[in-house]
Amino acid sequence: MKAVPILHELERRGIPRLFVHTGQHYDDKMSAALLTDLRAPKPDVQLDAGSASHAVQTARVMERFEPVLLEHRPSWVVVVGDVNSTLACALVTAKLRKETGSRIAHVEAGLRSGDWEMPEEVNRVLTDRLSDLLLKPSGDADEHIVREGLSDVRAEFVGNVMIDAMFAVLERGRALNMPARFETGTAAFALATLHRPSNVDDPERLALLLKALARIAERMRVVFPMHPRTGASADRAGLRDYLGAITVVGPLAYAEMVGALDAAAVVITDSGGVQQESTVLGIPCVTVREQTEWPVTLVAAGGTNRLIEWPPTVTGIVESAERAAAGGRRAVGAGSPKGWDGRAAERIVDALLSHA
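How each quantity is defined
Residues numbered from 1 in each chain as written. Predicted model: local features only at pLDDT ≥ 70, side-chain atom pairs only at ≥ 80, totals over all residues. Heavy atoms only, no water. Helix = DSSP H or I, 4+ residues; strand = E, 2+ residues; numbered from the N terminus. Rg over C-alpha atoms; globule rule 2.2 N^0.38 Å. Buried < 20%, exposed > 50% of the residue type's maximum accessible area, 1.4 Å probe, protein only. Contact = heavy atoms within 4.5 Å. Pairing = 2+ DSSP bridges. Axes fitted to C-alpha atoms, helices over the stretch in contact; angles between N-to-C directions. 1 Å grid on protein atoms, 1.4 Å probe; cavity = no way out; pocket = protein on both sides within 12 Å on 5 of 7 lines; lining within 4 Å. Points joined across faces, edges and corners; volume = space filled by probe spheres on them. Salt bridge = Lys/Arg side-chain N within 4 Å of Asp/Glu carboxyl O. Arc of directions from axis to C-beta. Phe/Tyr/Trp six-rings, centres within 6.5 Å; stacked < 30°, edge-to-face > 60°. Lys NZ or Arg CZ within 6 Å of the ring centre and 35° of its normal.

Visitor: Before we move on, can you summarise the overall build of the chain with the specific residues and values?
Guide: A tally of regular secondary structure across the chain gives 17 helices and 12 strands. The C-alpha atoms of the chain give 20 Å as radius of gyration, which agrees with the globular expectation for 356 residues (21 Å, within 12%). In terms of overall dimensions, the chain has a C-alpha envelope of 60 × 40 × 40 Å along the principal axes. Residues counted as buried form 54% of the 356 residues belonging to the chain. Counted over contacts in the chain with a minimum sequence separation of 6, partners at least 24 positions apart contribute 69%.

Following this line, the structure appears as structure tokens:
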């Protein structure tokens, strides 16, 4: 979803590009349907990396991306976000700079959570270190770049390209009438998403979180699009009984998810993307994590997002959700951070051209 707005902008300007899909995200709702929702061009190259351990997945992407880079030798390799594919492609490009002349541009550069137990933190820090152009989504990225001695690397503020993708599907998402699909009627409902390994791979932590959602469901409907990883963990730990009071649905396509989020009274999540989207949509958000790489969401729009007290407790999560829902939603875009306006892709392409 972060790459597609950039692809569209390159096409709009007639700039040649190669779309490489690593296949790290391979579930249909999370990959093929996402590309359809965003009206993405067909990938030019499919690496089909699939699921594996962090080491194996990163190695697969590196091994399969290397011949693509050597064949095409692009001026820029644009990597987005903080997943294993981001670091893998950056590593290959950095090691082949002399042979290919390719340079690395990192979209979402400068973000930090401070939590080195998050694989994403390792990926984003190392990718920034390897990059020739740091494309920053928010103002707070500056201090991290300076502190880590990256000031000599070219950096440009471009805003948040994730919001470009969200605005592209917002009206379609609303037209889907997700409350009717969830059979919530006109009643307020909470939307919950949990997928982060630190939350769902630990049976005790997952049991606590599901208990909290069940408690919230005593007060308002809880709709829970269950990530495949979360479902597998719940099955292994025998936790399905906790889901009885919760409206569990399968993974949602992107337009469906945006439509559901826009209609929710409150969202409970561990997703970085949902923190961003809820901030712009004005939806109260409760983030089930100790830290966030998006601290701007805690202060933007009057603090639409909030972190739960850590370590998590059932009571703490329930009370956070109730306080958040009581605050009500805000108008779309009200108090959004600078550059979270749906035009980040334009600024990204401008930056690539200006540093060519």
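Visitor: Which residues make up the sheet that holds strand β3 (residues 76-80), and what values do they have?
Guide: As a general point, the strands of a sheet are linked pairwise by backbone hydrogen bonds and lie either parallel or antiparallel. In space, the four strands of this open sheet follow the order β3-β4-β5-β6, with parallel pairing throughout. One side of each edge strand has no neighbouring strand; the edge strands of this open sheet are β3 and β6 (154-157). Across the sheet, the axes of successive neighbouring strands diverge by a mean angle of 20°, strand direction being ignored. Note: strand β4 (residues 103-107) against strand β5 (residues 133-136), three bridges, orientation parallel. Looking at the pairing, H106 lines up with L134 of β5.

Visitor: So what about the layout of surface pockets? Which residues, and what values?
Guide: Considering only enclosed or pocket space, the second largest pocket measures out at about 280 Å³ in volume. Lining the second largest pocket we find 15 residues, and of these D115, E117, M118, R196 and S198 sit closest to its centre. No other element matches the three residues that helix α10 (residues 197-200) contributes to the lining of the second largest pocket.

Visitor: Mind laying out the pattern of salt bridges, listing which residues take part and the relevant values?
Guide: When the charged atoms of two side chains with opposite charge come close together, those side chains can pair. Counted under the stated rule, the structure contains 25 salt bridges. When the shortest N-O distance is used, the salt bridge between R229 and D201 registers 2.5 Å. Here D201 lies in the loop between α10 and α11 (203-216) and R229 lies in helix α12 (residues 228-237), a separation of 28 residues in the sequence. According to the relative accessible area criterion, R229 is partly exposed, its value standing at 37%. With a shortest N-O distance of 2.4 Å, E322 and R219 are connected by a salt bridge. Pair noted here: E322 is in helix α16 (residues 314-326) and R219 is in the loop between α11 and β8 (221-225), with a separation of 103 residues, a long-range link. In this structure E322 comes out as partly exposed when scored by relative accessible area, which is 35%. Here the salt bridges share partners, and the residues they tie into one network are D82, E121, R124, R289 and E293.

Visitor: Account for α12, naming residues and giving values.
Guide: Among the residues of α12, T230, G231, S233 and A234 are the ones counted as buried. Viewed along the axis of α12, the buried residues span an arc of 165°, placing them on a single side of the element. On the buried face of α12, the contacting elements are α10, α11 and β8. Positioned one or two residues after α12, G238 has a phi angle of 65°, which is positive.

Visitor: With reference to specific residues and values, describe the packing of aromatic side chains.
Guide: Evaluation of the coordinates by the stated rule reveals two aromatic pairs. Summarising the aromatic geometry, the rings of F182 and F189 are spaced 5.9 Å apart at their centres and angled 75° between planes, so their arrangement reads as edge-to-face. The same class applies to F182 as to F189, namely buried. Pairing W294 with W340 gives two aromatic rings, centres 5.5 Å apart and planes at 85°, and the pair type is edge-to-face. Taken together, the positions of W294 in the loop between β11 (285-287) and α15 (296-299) and W340 in the loop between α16 and α17 (344-354) put the pair 46 residues apart, joining distant regions of the chain. Over the face of the ring belonging to W76 we find R103, whose NZ or CZ atom lies 4.1 Å from the ring centre.

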